[in-house]
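Architecture and fold: a report
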Amino acid sequence: HLRPKGKVKSVLREIVVNEVNFVRKCINAEGSQDDLWGKLICTNFKVSFIPQDRSQLSHLLFGEHDIPLTCLEQVVTVNDTKGKKKVLGSNKKLKFNPTELILYSKDLRIIRFCFDQAGPESAKKVCLAIAHYSHPADLQLLFGFEYQGRRYHECKVKGATPRGGIHTPIFDRPSDWDREIKRTGASEWRVCAINEGYAISSSLPEYAVVPVSLADQDLKNYSVFFLDNRIPLWCWNHPNGSALVRMANICDPLQQRKIEQKIFTAITKSHPQRCDVIKLDLDKFLPNIQDIQAAFVKIRQICVIDAFEESEERWLSSIENSRWIEHVRAFLKFSADVIFHLDGNNISVVLQEEEDRDLNCVVSSLAQLMLDPHYRSIIGFQSLVQKEWVMAGHRFLDRCNHLNKSDKEESPLFMLFLDCVWQMMNQYPAAFEFTEAYLTVLSDSMWIPLFSTFLFNSSKQRAQYFMDFAKNKAIPQGEDHVVYFPPVWNWSQQFSNKDLTLFNNPMYVGKGAACVQNGEVKTFKRTKKTYSSTLRGTPASLRNGVKDSEDTLPRRGSLVSELKSLTPVKDESPSERFYREWFARPVDQHGLLIPLLMPSHMALWKLFFLRWVSEACISGGGPITTYHKLSQLVDEIDMLQSQLRQYKGPSPSTPLSSPCGPPSDQRRMYFKASSHHDPATPPDFLTSTFPFTPRGNLCRRSLQGTPISKFLNGARIWLSTETLANDTV
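Every chain is numbered independently, its residues counted from 1 as its sequence is written. This being a predicted model, a pLDDT of at least 70 is required before a residue's local features are given, and a value of 80 or more before pairs of side-chain atoms are given or counted; all residues contribute to the totals for chains, interfaces and linings. Working from all heavy atoms in the structure, the side-chain values ignore hydrogens and water.

**Observations concerning the overall build of the chain**
The condition is simple: Strands here are runs of E lasting at least two residues and helices are runs of H or I lasting at least four, both read from the DSSP assignment and numbered beginning at the N terminus. Each residue is placed in one exposure class: buried if its accessible area under a 1.4 Å probe, protein chains only, is under 20% of its type's maximum, exposed if it is over 50%, and partly exposed if it falls in between. We call two residues in contact when some of their heavy atoms are within 4.5 Å. Reported accessibility uses the Shrake-Rupley method at a 1.4 Å probe radius. Residues are deemed covered only where the shown protein chains occlude them.
When its secondary structure is counted, the chain shows 22 helices and 16 strands. For the chain, buried positions account for 56% of its 729 residues. Excluding contacts between residues fewer than 6 apart, the proportion of contacts in the chain whose partners are at least 24 apart in sequence is 73%. Counting every atom, the chain has about 31800 Å² of accessible surface; 51% of that belongs to carbon and sulfur.

So, in structure tokens, the structure goes:
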């Protein structure tokens, strides 16, 4: 943390640019009795507020009231006496002395500071500094380039491990792709290096997986017909042999049929049964990036900026009218259609999108998450993001608008993907190794410029910046960039080992789940089986992820009638039969998963959208309290199992050799099992948004018992009569 006096450096050794004393951070819009007094500081990395009474938080990079500059979306200054308000940007002038500063952040916080006791000139300077440093002219001006260069040399002195100790595959080398080919059994696919040095495409990775039957020279010849020379990319192989492939549009309409036939023939040859290939055009049937951005802006306005009205019906209908949850459902539906073709029809699927860098990232990732339990583990999920987003060339720099230059290119596609993942976790909590706390931390990490994962538009752009970076920081040529500018997956840079246990889902059913039989600890060994044609999802007919071409994105309640009956019908389509059969079987947590798509099963991701809203915060309640209890139970079971393993005596009356469980630093749970004599009440600091809501990060009305708080507690009295009549929970 920053020390209180002088232009000094913090633990990260960032430079203090400007600071002002006697600043009041507003906590309650209706009074100042809860406000905090302290110092407001702008560094070249973050905005930091240091209150007189500091509290302790466990994040290694940020204090309780800190926010990275790249997370700021809008800097607004206010002068109450003159009635003026101004949105500040880089190099903009401020003609009045501000009495207030309001910061709107990309992680949905709104933070307000008052300067009624501060020096007017100092307040003005710190506001201008925050605006300037939150709008860097170039990517290399971000603090991460300075920090990681210095950290690299310090680690070399101490003797750092290769690749920074990262266990997640980065997919920047052939060996990572080879392992994925072997893991999925894609024997008729190979690693191709024609894009080495980015000789073919500027947006593709250097290494990709292609059909064995396609020669490198043929791929080079075909590449010129694809947008940005993006040859089709292999994503995943089903055990039945069908493949999931993503592809950009072909530029020349006259050559389209010929080139597609060549590519599809090669994909067909890679299938053991030589099955056909189906092409799904995402641009025709899914919302575009502008639609997604517009929906996100609306739902953020409703959840964060607008005050909650007394009329709860208006709030719920506003959430629905934002169309955000509708878009989430549309992507889940389309992904379910992909699953039907891969698993039910045993045919390969080619996902086509104009540039193959936005919608394809979402759908390909969701399809693999539904099909492959490996991607539902923490390491597997991280490799999925690395493979289908980072290396595939998703425009993180533009879509996240890190330089605050172009609002037209901004779109929260990765956030949409995380919301889709949360919907599945919410329905199948035992199938995922990670928690919603992990997903929230991952979304927050998009705005921390110390890691390479979410900073760039492509592998080539990343490589170019790293080349200049290494030269400027005197890093030896040929040094692995993962060592000197690591990805976000090295979570120990942000959290302690104890806090990292919040990522572990206590309900997760692992493949090696232990059990006790006749007093002896045994381990379940699941036999490896192919993914059966059994999906748990909506038995609605899906054609390209929608009901029909006229109703592309069905509204709330439009699927209800389709979901009522699970019995065979006379004119049942193959897809309806496919879903109905899966519905009739027990859920296999390590098999196929398809989310339920009824309106009653689609929920607002409250931890993300409402975590800064005081009205929505439930003290001592919410999912974190459930997590607390589950963690204690799991930890107690672990201790008992450990005691059973160490038991040597001939009878239960013999003392245990070691009454203790595993060492506390090795336990996977944040909350440890306690003595039976201890009270069973949860800790005082637990709230529904723990551990991501420091107090005072949003200035709102301090209302108790609002309609929204009732809604969060599970009341359904505001749902329409029609919905209640038709929905089945």
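**Considerations on the sheet that holds strand 11 (residues 233–237)**
Inclusion rule: For two strands to count as paired, DSSP must find a minimum of two bridges between them. Axis definition: a line fitted to C-alpha atoms, over the contacting stretch in the case of helices. Angles run 0 to 180 degrees between N-to-C directions.
The strand order 11-12-14-13 describes an open sheet built from four strands, whose pairing is mixed. Unpaired on one side and paired on the other, strand 11 and strand 13 (277–281) mark the two borders of the sheet. Here the average twist between neighbouring strands, direction ignored, is 20 degrees. Bridge count for strand 12 (residues 243–247) against strand 14 (residues 348–352) is four bridges, and the pairing is parallel. Residue Leu-244 lies in a different strand from strand 14, and its bridge partner there is Val-349. Against the sheet, helix 10 (residues 359–371) touches strand 11, strand 12 and strand 14, its axis set at about 170 degrees to strand 12.

**Re helix 4 (residues 216–223)**
Rules: As used here, the arc is the angular range of directions from the helix axis to the C-beta atoms.
The complete set of buried residues in helix 4 reads Leu-219, Tyr-222 and Ser-223. For helix 4, the buried positions fall inside an angular range of 100 degrees around the axis, keeping them on one side. Residues of helix 4 that are buried in the fold lie against strand 9 (189–192), strand 10 (208–211) and helix 5 (253–269).

**Brief notes about the pairing of strand 6 (residues 84–88)**
Strand direction decides the pairing type here: strand 5 (residues 72–79) and strand 6, joined by five bridges, are antiparallel. What sits directly across from Val-75, in strand 6, is Leu-88.

**Some remarks on the sheet that holds strand 5**
Through backbone hydrogen bonds, the strands of a sheet pair up, either in parallel or in antiparallel fashion. One open sheet holds the eight strands; their spatial order is 4-3-2-1-8-7-5-6, and the pairing between them is antiparallel. Each end of this open sheet is capped by a strand with a single partner; those strands are strand 4 (67–68) and strand 6. The pairing of strand 5 with strand 7 (residues 100–105) spans six bridges and is classified as antiparallel. Counted as the bridge partner of Leu-72 is Ser-105 from strand 7.

**Thoughts on the nonpolar core**
Put simply, the rule reads: In these notes, a set of buried Ala, Val, Leu, Ile, Met, Phe, Trp, Tyr and Cys residues joined through side-chain atoms within 4.5 Å is what counts as a nonpolar core. Domain start and end points were adopted from an automatic or database domain assignment.
Phe-381 and Phe-609 are the most contacted members of the largest nonpolar core, which has 174 residues in total. If you tally residues by element for this core, the top one is helix 9 (residues 324–344), at twelve residues. In this structure, this core is formed jointly by two domains, domain 1 (16–135) and domain 2 (174–440), each of which donates at least three residues. For Phe-609, the residues in contact, after removing those within four places along its chain, are Leu-108, Phe-296, Ile-299, Cys-303, Val-304, Trp-324, Asp-419 and Leu-604. With 16 residues, the next largest nonpolar core counts Leu-142, Tyr-152, Tyr-465 and Phe-469 among its residues.

**Regarding the environment of Phe-22**
Topologically, Phe-22 is positioned in strand 1 (residues 16–25). Put simply, Phe-22 and Ala-123 are 101 residues apart on the chain and 10.0 Å apart in space, counted from C-alpha to C-alpha. With near-sequence residues (within four places) excluded, Phe-22 lies in contact with Trp-37, Gly-38, Gln-117 and Ala-118.

**What to know about the pairing of strand 11**
As a general feature of sheets, a regular strand has side chains that alternate between the two faces. Here strand 11 lies mainly inside the structure; five of its five residues are buried. Pairing of strand 11 with strand 12, which is carried by four bridges, proceeds in the antiparallel orientation. Among the inter-strand pairings, Trp-234 is bridged to a residue of strand 12, identified as Val-245.

**Considerations on helix 9**
The cut-off we apply is this: Multiplying one less than the number of residues by 1.5 Å gives the expected span of a helix.
With 21 residues, helix 9 should reach 30 Å at 1.5 Å per residue; the first-to-last C-alpha distance of 29 Å fits that figure. Among the 21 residues of helix 9, 20 are classified as buried, and the element is accordingly described as predominantly covered. Following helix 9 by one or two positions, Asn-346 has its phi on the positive side, about 60 degrees.

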